[in-house]
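Each chain, letter by letter, is given below.
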Amino acid sequence: MKKYTMLIDTDPGVDDAMAILMAHDRAEVIGLSVAAGNVGLEHTVANALKLVEVIGAATPVYAGCATPLVHAAADAADVHGSDGFGDTGYEPSAHEAESEHAALAILRASHEHAGSLVLVALAPLTNLALALKLDPDLPLRVARLVVMGGAVSGRGNYGTVPAEFNVGFDPEAAHVVFSQWPRFTLVDWEATMRHGLDFERFEAMLAKGDERAKFYDSITLRTRAWSRERGRPQLLIADALAMAVALQPDIVVRAEEHHVGVELGGALTRGATVVDWQDRLGHAANAQIVLEVDHARFEALLASAVGAG
């Protein structure tokens, strides 16, 4: 199976953690560019460094934007813990982030791996938007962009009713990326809800795994409890689903291509991803919207990433 050259823009967060484990299992990961999002930048950078240590990799970590482009936004510490990793009090990594800003690292990687780089955006799109503003030709050098974000029919999970977290946290950044990137793959929150994981089955998988599984089990205890307390029937790991699509594009069994924009203004709709489902506006399709994947293959990728498959 082809091993992609991959740069991951991320805000770890336990969802991101599984995606990063998956990527290191199957791809050549040349860097983690980190933004604020699930929690503040100090924590997301520390979490990225710790993950690299747990994996045993030498992947460089680049700190990026500490705030959204324009407006302040609330994080997701209530779900992920105040440190983003379930407040486990893990021993911090001895390594430090690189001095290069994440947006500049994205641009440099796009030149060094022009035509072969797979860019996976798991965070609010702040770093990527900044990179695009610095160099609008960035998309010409990236082989594929996979974005975890949006709620394509308005069933969001953040802020206004239709907004999904990554887009809702920094709608201006999402607008920049969606309006300037000619074509990207979008894995949204609603696809995540269609591909939930059975709690007991997932926990049995972690119990069979290696040190990666033990670490992931510890940092997700709080999130799993939070999900169960709210009556969620399944565990939802959005970033892992997006990573599965990035690693194995043929895992997608149902998708549609349409133009997707971002609402910036409405009091009830700011941060909404607006899909022209009927192609009425005459805009070229900019997104492959993933609707369904091969769920068995998705679970197999998860198991492999933690040494349980």
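To be clear, the structure that these remarks concern was listed above.
Residues numbered from 1 in each chain as written. Predicted model: local features only at pLDDT ≥ 70, side-chain atom pairs only at ≥ 80, totals over all residues. Heavy atoms only, no water.

### Considerations on the pattern of salt bridges
Let me state the cut-off plainly: For this document, the term salt bridge refers to a Lys or Arg side-chain nitrogen within 4 Å of an Asp or Glu carboxyl oxygen. Put simply, DSSP marks the helices as runs of H or I at least four residues long and the strands as runs of E at least two long, and each gets a number from the N terminus on.
Counting across every chain of the model gives 18 salt bridges. The closest approach of N and O atoms between Arg224 and Glu203, which form a salt bridge, is 3.0 Å. Taken together, the residues Arg224 in helix H12 (residues 221–229) and Glu203 in helix H10 (residues 199–207) connect sequence positions 21 residues apart. With its nearest N and O atoms 2.5 Å apart, the salt bridge here joins Asp217 to Arg224.

### Structural notes on the side chain of His24
Selection rule: Residue contacts are defined here by distance: any two heavy atoms, one from each residue, within 4.5 Å place the two residues in contact.
Along the chain, His24 turns up in helix H1 (residues 14–26). Dropping the residues within four chain positions of it, His24 is found in contact with Val29, Ile55, Ala57 and Thr59.

### Overview of the layout of surface pockets
As a reminder, the rule being used: A pocket, in this scheme, is an open set of points on a 1 Å grid over the protein atoms alone with protein on both sides within 12 Å along at least 5 of 7 lines, while a cavity is a set where a 1.4 Å probe fits but cannot get out; residues line either one if an atom lies within 4 Å of a point. Grid points are joined across faces, edges and corners, and a volume is the space filled by probe spheres set on the points. Amino acid classes used here: Ala, Val, Leu, Ile, Met, Phe, Trp, Tyr, Cys and Pro are nonpolar; Asp, Glu, Lys and Arg are charged; the rest, including Gly, are polar.
Computed from the structure, the largest pocket encloses a volume of approximately 500 Å³. What lines the largest pocket is a set of 25 residues, among which Val79, His80, Asn157, Phe165 and Trp189 lie closest to the centre. Broken down by secondary-structure element, the contributors of at least two residues to the lining of the largest pocket are H1, helix H3 (77–80), helix H7 (165–169), helix H9 (189–194), H12 and helix H13 (238–247). Tallied by class, the residues present in the lining of the largest pocket amount to 11 nonpolar, 6 polar and 8 charged. Of the pockets and cavities examined, the second largest pocket occupies roughly 170 Å³.

### Remarks on the sheet that holds strand E1 (residues 5–10)
Note the following rule: Two strands qualify as a pair provided that DSSP identifies no fewer than 2 bridges between them. Axis definition: a line fitted to C-alpha atoms, over the contacting stretch in the case of helices. Angles run 0 to 180 degrees between N-to-C directions.
Strand order in the open sheet formed by 8 strands is E3-E2-E1-E4-E5-E6-E10-E7, and the pairing between neighbours is mixed. Edge positions in the sheet fall to strand E3 (61–63) and strand E7 (252–258), since each has one partner strand and no second. Taking each pair of neighbouring strands and ignoring which way they run, the sheet shows an average axis angle of 25°. In terms of strand pairing, E7 meets strand E10 (residues 287–293) through 6 bridges, oriented antiparallel. For Val252, the partnering residue across the bridge sits in E10 and is Val293. Packing against the sheet, helix H2 (residues 41–55) makes contact with strand E2 (28–34) and E3, and its axis sits at approximately 160° to E2.

### Re the packing of aromatic side chains
To keep it simple, the criterion reads: Side-chain rings of Phe, Tyr and Trp, where Trp is taken by its six-membered ring, are said to pair if the distance between their centres is within 6.5 Å; with planes under 30 degrees apart they count as stacked, over 60 as edge-to-face, and otherwise as tilted. The buried label goes to any residue with under 20% of its type's maximum accessible area, the exposed label to any with over 50%, and the partly exposed label to all in between, with areas taken from a 1.4 Å probe on protein chains only. We call a charge positioned over a ring when the NZ of a Lys or the CZ of an Arg lies within 6 Å of the ring centre and within 35 degrees of the ring normal.
Applying the stated rule across the entire model yields 7 aromatic pairs. Between Phe85 and Phe215 the ring centres are 5.9 Å apart and the planes differ by 75°, which places this aromatic pair in the edge-to-face class. Linking Phe85 in the loop between H3 and helix H4 (102–112) with Phe215 in helix H11 (residues 211–219), this pair joins segments that are 130 residues apart in sequence. We classify Phe85 as buried; its relative accessible area is 0%. Aromatic side chains Phe165 and Phe169 sit 5.6 Å apart centroid to centroid with 35° between the ring planes, which places their arrangement in the tilted category. With a gap of 4 residues between them, Phe165 and Phe169 both fall in helix H7, about one helical turn apart. Owing to a relative accessible area of 5%, Phe169 belongs among the buried residues under this scheme. By way of ring pairs, the aromatic residues Phe85, Tyr90 and Phe215 are connected into one cluster. Lying across the ring of Tyr4, Arg144 places its NZ or CZ 4.9 Å from the centre.

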